[in-house]
Amino acid sequence: MKIRLQCPVCACPGRVETSAATEWQCPQCDHLLRLAGGIDPRLPACAVCANAELYRKKDFPHSLGMGILVSACLASTITYYLYNKGLTWAILLGSAAFDVLLYLWVKDVIVCYRCNAHHRDVPAKAHKPFELTIHERYRQERLRRAELEKDKQASAPTSAP
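Owing to the predicted nature of the structure, the values given are computational and were not obtained by experimental measurement.

**Some words on the sheet that holds strand β5 (residues 54-58)**
Spatially, β2-β1-β7-β6-β5 is the arrangement adopted by the 5 strands of the open sheet, whose pairing is antiparallel. The open sheet has two edge strands with one neighbour each: β2 (13-17) and β5. This sheet shows a mean twist of 25 degrees between the axes of neighbouring strands, independent of strand direction. Two elements, strand β6 (residues 108-112) and strand β7 (residues 118-120), share 2 bridges in a ladder whose sense is antiparallel. Within the sheet, the bridge partner assigned to V111 lies in β7 and is H118.

Right, dumping it as structure tokens:
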């Protein structure tokens, strides 16, 4: 299994293959992160933070998908303006066929709601698709943690020289 993760201390991106390593050391801040050893192939929990709430999504950049969609819409609008309806339909149907082929060709990736670690080369059918309510719960948790850290730093006494 290949994992793409961020350092919990400095948010430096990193990659690790779990068959070769059970630990990952951040190249920026030298934080040592222990990964779950002997990982079950079905991945019941995140290998980075041991969170059991995971979701699956297509391993494809959303910006590239939106770029393809926007360019197909613009091209079809131009050809429609030029009264070439055959080419307009060809562009629209061709982009839809290309989208279906990409959907079938691109594999799924398992993502952790808490730490946003991406787990590749894992059977994805056991996990549910993205759910906004679960994501919002973890987003609120991150905001509360950041607020507590800010309050803790503000209330900490500063040492005067």
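After that view of the structure, there is still more to cover.
**Quick word on the pairing of β6**
Walk down a regular strand and you will see the side chains alternate between the two sheet faces. Of all 5 residues in β6, 4 are buried; the element is thus mostly enclosed. The hairpin formed by β6 and β7 contains 5 residues between the paired strands, and N116 there has a positive phi angle of roughly 60 degrees.

**Brief notes about the nonpolar core**
As a rule of thumb, soluble globular proteins bury nonpolar side chains together. In terms of nonpolar packing, the biggest core is built from 20 residues, with I3, L5, W24 and V48 touching the most fellow members. Going through the elements one at a time, β1 (2-6) and β6 are the ones with two or more residues in this core. When residues no more than four places from it in sequence are discounted, the contact partners of I3 are G14, R15, V16, T18, A47, V48, A117, H118 and H119.

**Here we look at helix α1 (residues 62-81)**
Along its 20 residues, α1 runs 29 Å from first to last C-alpha, staying within 8% of the 28 Å computed at 1.5 Å per residue. Buried residues along α1 sit in contact with α2 (85-105). Downstream of α1 by a residue or two, Y83 has a phi angle that is positive, lying close to 60 degrees.

**Remarks on the packing of aromatic side chains**
Both the distance between ring centres and the angle between the ring planes are used here to describe each pair of aromatic rings. Under the counting rule described, the total for this entry stands at 4 aromatic pairs. Ring centres of Y55 and F130 lie 5.1 Å apart, and the angle between their planes is 75 degrees; on these two criteria the pair is classed as edge-to-face. Here Y55 is found in strand β5, whereas its partner F130 is found in the loop between β7 and α3 (132-155), with 75 residues between them in sequence. A relative accessible area of 10% means that Y55 is categorised as buried. Given the relative accessible area of 38%, F130 is considered partly exposed.

**Things to note about the side chain of N51**
Take N51: it is sitting in the loop between β4 (32-34) and β5. According to the relative accessible area criterion, N51 is buried, its value standing at 6%. Polar side-chain contacts of N51 include one of 3.1 Å to the side chain of Y138. For N51, the contacting residues outside a window of four places in its chain are A45, C46, C112, Y113, R114 and Y138.

About the thresholds
- Residues numbered from 1 in each chain as written.
- Predicted model: local features only at pLDDT ≥ 70, side-chain atom pairs only at ≥ 80, totals over all residues.
- Heavy atoms only, no water.
- Pairing = 2+ DSSP bridges.
- Helix = DSSP H or I, 4+ residues; strand = E, 2+ residues; numbered from the N terminus.
- Axes fitted to C-alpha atoms, helices over the stretch in contact; angles between N-to-C directions.
- Buried < 20%, exposed > 50% of the residue type's maximum accessible area, 1.4 Å probe, protein only.
- Core = buried A, V, L, I, M, F, W, Y, C linked by side-chain atoms within 4.5 Å.
- Contact = heavy atoms within 4.5 Å.
- Expected span 1.5 Å × (residues − 1).
- Phe/Tyr/Trp six-rings, centres within 6.5 Å; stacked < 30°, edge-to-face > 60°.
- Polar contact = N/O pair within 3.5 Å; in protein donor to acceptor, adjacent residues only side chain to side chain.

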